[in-house]
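# Inside the fold
Chain residues, written in single-letter form:
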Amino acid sequence: MDPKRHSWDLTPAGARAVQEALAPEVVTENRFGSVRHVAGVDVGFPEGRTRAAIAVLRYPDLEPVDSAQVTLDTSFPYVPGLLSFRELPAVERALEKLREKPDLILCDGQGRAHPRRMGIACHLGVRTGYATIGVAKSRLCGTFEAPGRERGCRAPLYDGRERIGTVLRTRTGVKPLFISAGHRIDLETAVDFVLRCTPRYRLPETTRAAHRLASGLQSV
DNA sequence: GCGACAG
DNA sequence: ATCTTGTCGC
């Protein structure tokens, strides 16, 4: 029984059991080739339905090259720690529609910085095989000291004595982002990519492009 | 029992 | 995330 092919029809308790079964499948080292395209994933809930949007940008110039979006009926509530069970069904279908597959995906949410080390970035990576990074706007778990005020400043995020992520200042004077490894990448490399994807704003260009499609007014 | 809690 | 206007700051 391959844990990667679990059903989405689960109770919260069942979902947590799936996370524990999948956690050992996460690849912690860098296992991806040259990065020519990076993608941003974001999910919105217009009219209560679940809309996943993916934007593929060329790397490193970050010029848009492709995008896809899918809207499905919402089938799982928001439960802290179980975000992926609410968003991934739509995200995976949007990924399949892409013409230009990305080499690396930046997810809106945590990767390993999760109670069971199975945030949405890890979950998507393990299920699809894509290399992924978790880029969250706020903390789910872990403790940290405030990083310096300048862009590039960072501080380790710990869960007890275990390093689970990095609190990163992507723009001077703005709230930091919570970066963690998803799948097939290590934390240091993940932080490096996030900085290269944030040439102008707090959030990565990938995330901004996807966000615009997911919660945008255009329904195409 | 009392907080904390990605999006 | 979503419901919503004006407002403070660079």
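We now turn to the structure provided with this report. Everything numeric here is computed off the predicted structure, so don't read it as measured data. (Residues numbered from 1 in each chain as written. Chains lettered and ligands numbered in written order. Predicted model: local features only at pLDDT ≥ 70, side-chain atom pairs only at ≥ 80, totals over all residues. Heavy atoms only, no water.)

### So, empty space enclosed by the protein
Summed over the entire model, instances satisfying the criterion amount to one cavity of 30 Å³ or more. Of the pockets and cavities examined, the largest cavity occupies roughly 40 Å³. Lining the largest cavity we find V41, D42, V43, E87, L88, V91, C107, D108 and I120. At the level of secondary structure, the elements contributing two or more residues to the lining of the largest cavity comprise strand 1 (37-44), helix 2 (83-97) and strand 4 (104-108). Grouping the amino acids of the lining of the largest cavity by side-chain chemistry returns six nonpolar, no polar and three charged. (1 Å grid on protein atoms, 1.4 Å probe; cavity = no way out; pocket = protein on both sides within 12 Å on 5 of 7 lines; lining within 4 Å. Points joined across faces, edges and corners; volume = space filled by probe spheres on them. Helix = DSSP H or I, 4+ residues; strand = E, 2+ residues; numbered from the N terminus. Nonpolar A, V, L, I, M, F, W, Y, C, P; charged D, E, K, R; others polar.)

### A word on unusual backbone geometry
Looking along the chain, the bond that leaves Y59 and enters P60 is cis, with omega of 10°. Inspection of the secondary structure assignment puts P60 in the loop between strand 2 (50-58) and strand 3 (64-72). Of note, L62 is a non-glycine position whose phi angle comes to about 60°, a positive value. With respect to the helices and strands, L62 occurs in the loop between strand 2 and strand 3. What makes L62 buried here is its relative accessible area of 11%. One non-glycine residue, R117, adopts positive backbone phi at about 55°. Positionally, R117 belongs in the loop between strand 4 and helix 3 (120-128). (Buried < 20%, exposed > 50% of the residue type's maximum accessible area, 1.4 Å probe, protein only.)

### Side note on the pairing of strand 8 (residues 177-183)
Of all seven residues in strand 8, seven are buried; the element is thus mostly enclosed. Two elements, strand 5 (residues 132-136) and strand 8, share five bridges in a ladder whose sense is antiparallel. Bridging across to strand 8, V135 finds its partner in I179. (Pairing = 2+ DSSP bridges.)

### A short note on the protein's contact with DNA strand C
Taken together, G44, F45, K137 and H211 make up the full set of residues near DNA strand C. A distance of 3.1 Å separates a phosphate oxygen of DNA strand C from a polar backbone atom of F45. In the model, a phosphate oxygen of DNA strand C is placed 3.5 Å from a nitrogen or oxygen of the K137 side chain. For the surface near DNA strand C, the per-class residue count stands at one nonpolar, two polar and one charged. (Near = heavy atom within 4 Å. Polar contact = N/O pair within 3.5 Å; in protein donor to acceptor, adjacent residues only side chain to side chain.)

### Thoughts on the pattern of salt bridges
Taken as a whole, this structure holds eleven salt bridges when the rule is applied. One salt bridge in this structure joins R5 and D2, with 3.2 Å as the shortest N-O distance. Given the relative accessible area of 30%, D2 is considered partly exposed. One salt bridge in this structure joins D61 and R58, with 2.6 Å as the shortest N-O distance. A residue is classified by how much of its surface remains accessible, and D61, at 37% relative accessible area, is partly exposed. With a relative accessible area of 38%, R58 lands in the partly exposed category. Put simply, D2, K4, R5 and E25 are held in one network by salt bridges that share partners. (Salt bridge = Lys/Arg side-chain N within 4 Å of Asp/Glu carboxyl O.)

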